[in-house]
Amino acid sequence: MIDECLVAEFRIEGDDCPLAQATEQVDIAIDASAPQLRGDGNVLLHFSAPPNDHLSTVLDDDPNIRYLHVTRGEKAYTYRCLSKHPCVVHRLVNVGFLVESMRYHDGGATMSGAVVGYDVLRGVMETAGQTVGIQLQRVYPLRSEGDDQRSRAWGLTRAQAESLRVAHEMGYFEIPKAVTATEVAEELGISKTAFLERLRRGQSSLCSSVFG
């Protein structure tokens, strides 16, 4: 059994897949499930976005999109369709990258997923390095279910627990601080404001759990 399971995060720029191109025309974020490449070369896409009929029109007008179906909800629209244009993410999938989430915005995409074993990680990174537009953001060990249970016991969300862990590992809580809030935020791939917000909420949850 292989124990090393890692989480890798990538940023894709310049991808010409339909979802990336749609976000160049519409200022919106699209959250997508892993695209499924069929044997006939078409790609099954399942994604959601905030309600926006302009996005629906842009996708419907794209010649690479077929059989677009939109389920309209108050908080989000859910889309299903076929795409005739494979995305570059399939190059990483073919060498062992297990996509867990993808977000398209401003013509690019951010994706995260699991890599089982360092040999697979090496192959994924080599493929990413050979593919124009793909940049590795960070790699970190996949936390166990026990870690999640402990976080929940202290009233922490997964994002808060990760922010506190990374800050601790980087020496943010040392006196004097070994790193700045900006450096921790960059490591997490979020803004400084978002990091400090997670930090405050996480510390508040810990204090509530300890002191009641």
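See the structure above.
Quick caveat: nothing in here was measured; it's all calculated off a predicted structure. (Residues numbered from 1 in each chain as written. Predicted model: local features only at pLDDT ≥ 70, side-chain atom pairs only at ≥ 80, totals over all residues. Heavy atoms only, no water.)

S.K.: Can you break down the overall build of the chain residue by residue, with the values?
M.R.: Within the chain one finds eight helices and nine strands. Counting the 212 residues in the chain, one finds 40% classified as buried. The long-range share in the chain, meaning contacts at least 24 apart out of those at least 6 apart in sequence, stands at 62%. Carbon together with sulfur atoms contributes 50% to the accessible area of the chain, which is approximately 12,200 Å² in total. (Helix = DSSP H or I, 4+ residues; strand = E, 2+ residues; numbered from the N terminus. Buried < 20%, exposed > 50% of the residue type's maximum accessible area, 1.4 Å probe, protein only. Contact = heavy atoms within 4.5 Å. Areas by Shrake-Rupley, 256 points an atom, 1.4 Å probe, with all protein chains shown as cover.)

S.K.: Lay out the environment of Arg198 in plain terms, naming residues and giving numbers.
M.R.: Along the chain, the position of Arg198 falls in helix 8 (residues 192-211). When the C-alpha positions of Arg198 and Leu156 are compared, they lie 9.7 Å apart, and in sequence the two are 42 residues distant. If near-sequence neighbours (up to four positions away) are discounted, Arg198 is found in contact with Ala159, Gln160, Ser163 and Ile190.

S.K.: Which residues make up the nonpolar core, and what values go with them?
M.R.: With 39 residues, the main nonpolar core has Phe10, Leu19, Phe47, Leu55, Phe97 and Tyr104 as its most contacted residues. Filtering out sequence-adjacent residues up to four positions away, Leu55 remains in contact with Ala22, Val26, Ile28, Ile30, Ala49 and Tyr79. With 13 residues, the next largest nonpolar core counts Leu156, Ala167, Val184 and Ala185 among its residues. (Core = buried A, V, L, I, M, F, W, Y, C linked by side-chain atoms within 4.5 Å.)

S.K.: Explain helix 4 (residues 118-130) to me, using residue names and the numbers behind them.
M.R.: Spanning 13 residues, helix 4 covers 18 Å between terminal C-alpha atoms, matching the ideal 18 Å at 1.5 Å per step. Within helix 4 the residues assigned to the buried category are Leu121, Val124, Thr127 and Ala128. For helix 4, the buried positions fall inside an angular range of 130° around the axis, keeping them on one side. Opposite the buried face of helix 4, at more than 90 degrees from it, the exposed residues are Asp119, Gly129 and Gln130. Tucked inside the fold, the buried residues of helix 4 contact strand 1 (5-12), helix 3 (89-93), strand 8 (108-116) and strand 9 (134-141). (Expected span 1.5 Å × (residues − 1). Arc of directions from axis to C-beta.)

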